[in-house]
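Architecture and fold: a report
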Amino acid sequence: MKLPFAAVAASLVCLIIAPMFAQTTPPAAPTGTVPVPATKRVTCLATTQNLKGQDKRDQMQLCMAQARLDCLKQAVDQKVVGEPRKSFIKTCVGADGTEQQ
């Protein structure tokens, strides 16, 4: 029963936070790529802090996958391609590229 509740809670957090980022996004840079502050990882950590063991790992993995998808959608909207897209997504998600989920 914890797993569905945690999934709903994580979804609600994403739904609440996403509009705030959309409203506070600074004007576009000359290159057209403006990454969102790297707080998606922190948000995922916060939503899974009360879980333990496999539930925590599963929810963290799901949350980070959703964060990557959101960042990929943003990169596509901004027409970022190639190597800059990889860098953009890593920056957007908040990963330094050394950890694996």
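Residues numbered from 1 in each chain as written. Predicted model: local features only at pLDDT ≥ 70, side-chain atom pairs only at ≥ 80, totals over all residues. Heavy atoms only, no water.

1. Here we look at unusual backbone geometry
Heads up, the rule is: Helix and strand assignments follow DSSP, with helices taken as H or I runs no shorter than four residues and strands as E runs no shorter than two, numbered in order from the N terminus.
The phi angle at Lys-79 is positive, at roughly 60 degrees, despite the residue not being glycine. Within the element layout of this structure, Lys-79 appears in the loop between α3 (53–77) and α4 (83–93).

2. Concerning the nonpolar core
So the rule is basically this: Side-chain atoms within 4.5 Å are what join buried Ala, Val, Leu, Ile, Met, Phe, Trp, Tyr and Cys residues into a set we call a nonpolar core. Partly exposed describes any residue whose relative accessible area lies between the buried limit of under 20% and the exposed limit of over 50%, with all areas from a 1.4 Å probe on protein chains only and scaled to the type maximum. We call two residues in contact whenever any of their non-hydrogen atoms come within 4.5 Å of each other.
Core analysis: the largest hydrophobic core is formed by eleven residues, namely Cys-44, Met-60, Cys-63, Met-64, Cys-71, Ala-75, Val-80, Phe-88, Ile-89, Cys-92 and Val-93. Among the elements of the structure, α3 and α4 are those that each provide at least two residues to this core. Element by element, the count of residues in this core is highest for α3, at five residues. Those residues in contact with Val-93, other than ones at most four positions away along the chain, are Lys-40, Arg-41, Met-64, Ala-67, Arg-68 and Cys-71.

3. Description of the confidence of the model for the protein
Note the threshold: pLDDT is a residue-level measure of predictor confidence that goes from 0 to 100.
On average, residues of the protein carry a pLDDT of 75, and 55% of them reach 70 or more. No element of the protein has a lower mean pLDDT than helix α1 (residues 2–23), at 58, and none a higher one than α3, at 95. Long-range and interchain partners of residues 97–101, a stretch whose pLDDT sits below 50, account for seven contacts in this model, where long-range means more than four residues apart.

4. A few points about the state of the cysteines
Note the cut-off: Any two cysteine sulfur atoms within 2.5 Å of one another count as a disulfide.
For the structure on display, the rule yields two disulfides. Covalently, Cys-44 is tied to Cys-63 through a disulfide, its sulfur atoms 2.0 Å apart. Across the S-S bond linking Cys-44 and Cys-63, the dihedral sits near -85 degrees, which makes this disulfide left-handed. Of the two residues, Cys-44 sits in helix α2 (residues 40–48) while Cys-63 sits in helix α3, which places them 19 residues apart along the sequence. Each member of the pair, Cys-44 as well as Cys-63, carries the same accessibility label: buried. Between the sulfur atoms of Cys-71 and its disulfide partner Cys-92 the distance amounts to 2.1 Å. With the S-S dihedral at roughly -75 degrees, the linkage between Cys-71 and Cys-92 falls on the left-handed side.

5. As for α2
The condition is simple: By arc we mean the arc of the directions from the helix axis to the C-beta atoms, nothing more.
Residues of α2 that are buried include every one of Lys-40, Arg-41, Thr-43, Cys-44 and Thr-48, and no others. Looking straight down α2, one finds its buried side chains confined to an arc of 160 degrees; they lie on one side.

6. Focus on the packing of α2 against α3
The test is simple: Note on method: axes are straight lines fitted to C-alpha atoms, helices fitted across the in-contact stretch only, with angles between N-to-C directions ranging 0 to 180 degrees. Orientation categories follow fixed angle ranges, with anything under 35 degrees roughly parallel, anything over 145 roughly antiparallel, 65 to 115 roughly perpendicular, and all other angles oblique. Helix crossings get a hand from a simple test, with the near helix turned counterclockwise from the far one by less than a right angle marking a left-handed crossing and a clockwise turn marking a right-handed one.
Packing of α2 against α3 brings their axes to within 9 Å, and their N-to-C directions diverge by 155 degrees. Classified by the angle between their axes, α2 and α3 sit roughly antiparallel to one another. As for the relative orientation of α2 and α3, their crossing is right-handed in sense. Here α2 contributes Lys-40, Arg-41, Cys-44, Leu-45, Thr-47 and Thr-48 to the contact with α3, which in turn contributes Lys-56, Gln-59, Met-60, Cys-63, Met-64, Ala-67, Asp-70 and Cys-71.

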